[in-house]
Each structure stands twice: as structure tokens, then as C-alpha cells.
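Structural description and commentary
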Amino acid sequence: MSFNAKQTLVRALSRAPLYRAMPPGAVRTYAALKYLSENSNQDEITQYIISSGGIPTRHLSTALVAARAVFRAGADDVLTDTLDELDQRFPESPELAAIHADFHAYHGRYDEAFAFARKGRILQPSHAGSVARMVTYGYRILPRDEADEIAVTAAARFPRNGEVQWACAKLCDSSEQFHRLRKGWEALQLEEEDLLKVVRQHATAAARAGEIASAIDLYRRAIRLLMGGAKLAAPIPEPKLEGKSAWSAFEDLHEALDGAGVPYFIAAGTALGLTREGRPLSSDNDIDVGVLEDDFDQPALEELFAKHPRFDFDVVHPHTKKVGLRHRGGSPIDIFRFYRDGEKIYHDAVFVRWGNSPFDVERREINGLKLPLPADADKYLTENYGDWRTPNSNFDAFIGSDAPNVETTWPEYLNLHYVRRAYKKLSRGEYQAAAAELRNADEHQLAAIVHPQP
């Protein structure tokens, strides 16, 4: 089955209760959990598992699929019992060790998470998921130089594996580490076209290190390879909330912040989705909330979510002042600091900031929750989106032609953003659009060679 076909099947299972027409068994259990995790709460999921006799554990492959669905739903009692049984039946499985690692991470037990990741790597040294988790959780518990060394070794050991390369790239915070990663990769003397497998990861590492020129140059090389006849395995997908239990994530976030007395409000694209459609937009890529600077206590926020079993910390760019989270269901969440500068209220991303007229916050009931949103929704959303009532699937909040209130604070990074967009469009065969993005980045010579392949 192709990647696109699998994605279509997963979406269908999430949107409709197809499991009701299936015969009893592991596949029916997975389909049910997939649907219920998107459309029900934890209690309903747990009740279904109990009524159906629990997760089937006879075959490891189907048990792993179901266990991951239960993990995403947050039904920890059921998950713990299932993992204990699976550990006894399949003690040599690195996939089970990976689930254990993630389970401990979401409970803030990073020493245990790292230990299970290392166990998975020992059980199967070629298991990329275990190695990627060793990198990720190593940065949570080890001295920086030790964690950097693990990342360099992992990147060289798995030079073509996207999961490992992403783990190393997203935690690269210095020029020295970026050049170590690149030097180790280049020393392997791989095929030139292998750059296409890791260019996005390595460009991300460069950008995090402030090496913007190096990031752009990596994309230049990759684009020339594509124009020379090299092929990508698949189009680069746009990240979306669809299929990531966005409403469940939002409910848990609201409960955590309200329960802790944090005066927050729903912001940006999430405010648009709740106002226009009564839910987070499935086409959006994250959940956005804001906290005014006088109430923004980053250590307190980190302490709050470190103790919450439905959230783990997501990696954010070192130039940002937001708190990044990831919900068990997969939804990324950004908690932005909103600050006053002159006559406006701003919040920042890496290379831009968005300004709004000062606004009050009011509670509005949506799907049974009393949620804090900007009081004058029309004014707030018009400042952010212009015609916010008309859906625009191609909207880009980082460029002025789309977002009326955006200001560029790092012009070189904006050029990287355009080049990165061009590369994504090329992966989908959108040659004219890719060339336009390159011209926006003043990459006119590169734009001139972009054309459909024979």
C-alpha cells in the first residue's frame, strides 16, 4: 500500500465508525481506537477496550498498532497492563521499548525514557526509532557535550534515516555542533543524491545554529540535484492537525491552564478556527494560545506541563520565547508571550512578529467549554488574516502578502523561508510556483533553471 493510500485509510478510520462493520479481531480494535481517539473521550475509549476484552496481544504487529492508539488516547491503566503482558510475550522487541520510552517521557521521567531507548538500541542496534529516542531524551538528562556526542555518532550511523536525522537536527543549538554533524555526514562519502534524504534536517540544524547562509546553500544544492534529474521518494507533506486529536488536545490544554489559574487566551489560527468553525482547523499545523507578558512565567509553565501526563515538551528554535508542547495525540502547541511595544500588542516567531491592536479577552461557550478569546473577534481576525471568513488553504502567516500584521525581524531567515517553500513545491511538481518563491528570495539564477522535467 502506498503512503498516500495509507494516509487516506487512516483519515477514513478517524472520521467514521467503520469498525462497527468489521468482524471481531485486532484490526477492528485498531479501527475502533482510531475513531474513538478522534471523536470521544478517554472514558469511552477505556470502556470500549474493556468491553471488547482488551487489546489483542497474540500477534506483536497488531498489538503494537493498538497499543500506540491507546497511548495516544492517554488510557494509561490499560496501556500499562498491555505492555506488561507484551513484555512477557515479546521480551526482545525494540518497538515495545520505544513505547515504554515515550510513555515515561510524557510522565516527565526522562531517565527512564532514555534507559528504555538505550534498551531498544541494545536489542536491535539497527532500530532507528530507539536511536532517535536516545538522542532526544539524552538531551533532557545528559550534559550538553555528552548529548552532542550521541547525536553526532547517531547521525553518522544512520546517514539516510529521516527520523534519526530529525532528532539530531532539532536539538542542534550551535554552529560547532552543526559543522560536526555535517562533517561526519560528508566524511561517509555517500552518493550526491543522498543529500535529498536529509537536506531538510540539515538545513534545520543550520538555521537553529544561526547559519542561515549554510541552510540556503544546502537547499540550493538539493534544488540543482532535482533539476538535474534526481528524484524524491515522495512529495513533502504539509504538517496538519488533521488526524492528531486536536480537539482532545485543546480540551486537555484548557483544563491544565484554567486549573492552574493561568490567564491565557486563544490566539492566531486557533482563534480563527474556533470562531469560524467551532473547532481547531484541521488544515492548521498547531494550536496557538497566548499569555500576556505580565502573566508569562516560563519556569512555572514548564513546571506545570512537566507534571502533566498528556503533554511533553516540543523542541523550539533557540531564538524564540515561547513554550512548545506536544500532546499525546500528536498535536503541537505553542504558548506565546504577548508583549506591548508602542501602540500594539506583539508576539514573536523566529524571524517575524505579529502586531495587534490592544484587545480585551472574554469567555465564549464553544462545544460546552467557556473559552477565553479576543473580545472583538472580527477586528482581531481581520488584523491577522484580512478576509478571515473565507478559508484559504495556502495562507502563510510569515509573509506580508498573506498576513496584514506581520513584520519581518530577520530578513535573511525570510529568504530561507522562501527557498524552503520552493523546495517543497518542487517536491510536488509545482515548478512555476517554486520559481516564484525563489525570486522572492532573490535567488534569480536558481529560479531560471527551475522547469518541468522531461
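The model shown is predicted, which means the values in this text are computed figures rather than measured ones.

Below, the discussion takes up the overall build of the chain. Counting secondary structure elements, the chain contains 20 helices and 10 strands. Over its C-alpha trace the chain gives a radius of gyration of 23 Å, about what one expects of a compact globule, namely 22 Å for 454 residues. Expressed as lengths along the three principal axes of its C-alpha atoms, the size of the chain is roughly 60 × 60 × 45 Å. Across the 454 residues that make up the chain, the buried fraction comes to 49%. By sequence separation, contacts in the chain at least 24 residues apart represent 60% of the contacts at least 6 residues apart. Of the accessible surface of the chain, which amounts to about 21300 Å², a share of 49% is contributed by carbon and sulfur atoms. With 55 positive and 65 negative side-chain charges, the chain shows a separation of 6 Å between the mean positions of the two kinds.

Overall, the coordinates contain 0 disulfides when judged by the stated rule. For the unlinked cysteine Cys168, the closest cysteine sulfur is that of Cys172, found at 9.3 Å. In this structure Cys172 comes out as buried when scored by relative accessible area, which is 0%.

With that settled, the discussion passes to the side chain of Asp284. Mapped onto the fold, Asp284 is located in the loop between helix 15 (268-277) and strand 2 (287-292). Here Asp284 occupies a buried position and makes no salt bridge, while the nearest side chain of opposite charge, Arg276, is found at 9.1 Å. Leaving out residues up to four positions away in the same chain, Asp284 has contacts with Pro239, Lys240, Leu241, Gly269 and Thr270.

By size, the foremost hydrophobic cluster in this structure holds 65 residues, and its most contacted members are Ile223 and Tyr423. The greatest single-element share of this core, amounting to 10 residues, is contributed by helix 13 (residues 212-227). Phe336, Ile366, Tyr380 and Tyr385 belong to the second largest nonpolar core, which has 40 residues in total.

All right, on to empty space enclosed by the protein then. Counted under the stated rule, the structure contains 2 cavities of 30 Å³ or more. Counted as a void, the largest cavity has a volume near 60 Å³. Lining the largest cavity are Gln165, Cys168, Ala169, Phe178, Leu181, Arg182, Gln201, His202 and Ala205. Elements that contribute at least two residues to the lining of the largest cavity include exactly helix 10 (162-170), helix 11 (175-186) and helix 12 (195-208). Space inside the second largest cavity adds up to approximately 50 Å³. Around the second largest cavity sit Thr320, Lys321, Lys322, Phe336, Arg337 and Asp348, which together line it.

It is worth spelling out the pattern of salt bridges at this point. Applying the stated rule across the entire model yields 30 salt bridges. The salt bridge partner of Arg328 is Asp76, with a shortest N-O separation of 2.4 Å. You can see Arg328 sitting in the loop between strand 4 (323-327) and strand 5 (332-341) and its partner Asp76 sitting in helix 5 (residues 76-89), a full 252 residues away along the chain. Here the two residues Arg328 and Asp76 agree in accessibility, since each one is buried. Residues Glu238 and Arg428 are paired through a salt bridge, measuring 3.5 Å at the closest nitrogen-oxygen approach.

Our next topic: unusual backbone geometry. Most peptide bonds take the trans configuration, and most residues that are not glycine carry a negative phi. You will see that Ala268, though not glycine, has its phi angle at about 50°, which is positive. By the secondary structure assignment, Ala268 is in helix 15. Even without a glycine there, the phi angle at Asn367 is positive, about 50°. Checked against the element boundaries, Asn367 lands in the loop between strand 8 (361-366) and strand 9 (369-374).

To continue, consider the packing of helix 13 against helix 18 (residues 411-427). Running from N to C, helix 13 and helix 18 point in directions that differ by 20°, and their axes come no closer than 10 Å. If you check the angle between helix 13 and helix 18, you find them roughly parallel. Our pair here, helix 13 against helix 18, has a crossing hand that is left-handed. Of the residues in helix 18, those touching helix 13 at Ile212, Ala215, Ile216, Tyr219, Ala222, Ile223, Leu226 and Met227 are Glu412, Tyr413, Asn415, Leu416, Val419, Arg420, Tyr423 and Leu426. Here the contact of helix 13 with helix 18 is built from residues that sort into 13 nonpolar, 1 polar and 2 charged.

As a further point, take the environment of Phe71. Structurally, Phe71 can be placed in helix 4 (residues 60-73). In this structure, the C-alpha to C-alpha distance between Phe71 and Phe103, residues 32 residues apart in sequence, is 7.5 Å.

A few words on the packing of aromatic side chains. Enumeration according to the criterion identifies 14 aromatic pairs in this entry. Residues Tyr219 and Tyr423 carry aromatic rings whose centres are separated by 5.4 Å and whose planes lie at 55° to one another, so their mutual orientation is tilted. Note that Tyr219 is positioned in helix 13 and Tyr423 in helix 18, a separation of 204 residues in sequence. Exposure class is identical for Tyr219 and Tyr423. Each is buried. Seen from their ring centres, Phe351 and Tyr413 are 5.0 Å apart, and the 10° between their planes marks the pair as stacked. Remark: Tyr413 occurs in helix 18 and Phe351 occurs in the loop between strand 6 (344-348) and strand 7 (352-356); sequence separation between them is 62 residues. We classify Tyr413 as buried; its relative accessible area is 5%. One Lys or Arg, Arg328, reaches over the ring of Tyr106 and ends 5.7 Å from the middle of that ring.

The rules behind each value
- Residues numbered from 1 in each chain as written.
- Predicted model: local features only at pLDDT ≥ 70, side-chain atom pairs only at ≥ 80, totals over all residues.
- Heavy atoms only, no water.
- Helix = DSSP H or I, 4+ residues; strand = E, 2+ residues; numbered from the N terminus.
- Rg over C-alpha atoms; globule rule 2.2 N^0.38 Å.
- Buried < 20%, exposed > 50% of the residue type's maximum accessible area, 1.4 Å probe, protein only.
- Contact = heavy atoms within 4.5 Å.
- Areas by Shrake-Rupley, 256 points an atom, 1.4 Å probe, with all protein chains shown as cover.
- Lys, Arg positive; Asp, Glu negative; His and termini not counted.
- Charge placed at Lys NZ, Arg CZ, Asp CG, Glu CD.
- Disulfide = S-S within 2.5 Å.
- Salt bridge = Lys/Arg side-chain N within 4 Å of Asp/Glu carboxyl O.
- Core = buried A, V, L, I, M, F, W, Y, C linked by side-chain atoms within 4.5 Å.
- 1 Å grid on protein atoms, 1.4 Å probe; cavity = no way out; pocket = protein on both sides within 12 Å on 5 of 7 lines; lining within 4 Å.
- Points joined across faces, edges and corners; volume = space filled by probe spheres on them.
- Axes fitted to C-alpha atoms, helices over the stretch in contact; angles between N-to-C directions.
- Parallel < 35°, antiparallel > 145°, perpendicular 65-115°, else oblique.
- Left-handed = near helix turned anticlockwise from the far one by under 90°.
- Nonpolar A, V, L, I, M, F, W, Y, C, P; charged D, E, K, R; others polar.
- Phe/Tyr/Trp six-rings, centres within 6.5 Å; stacked < 30°, edge-to-face > 60°.
- Lys NZ or Arg CZ within 6 Å of the ring centre and 35° of its normal.

Honestly, it's all geometry; don't read function into it.
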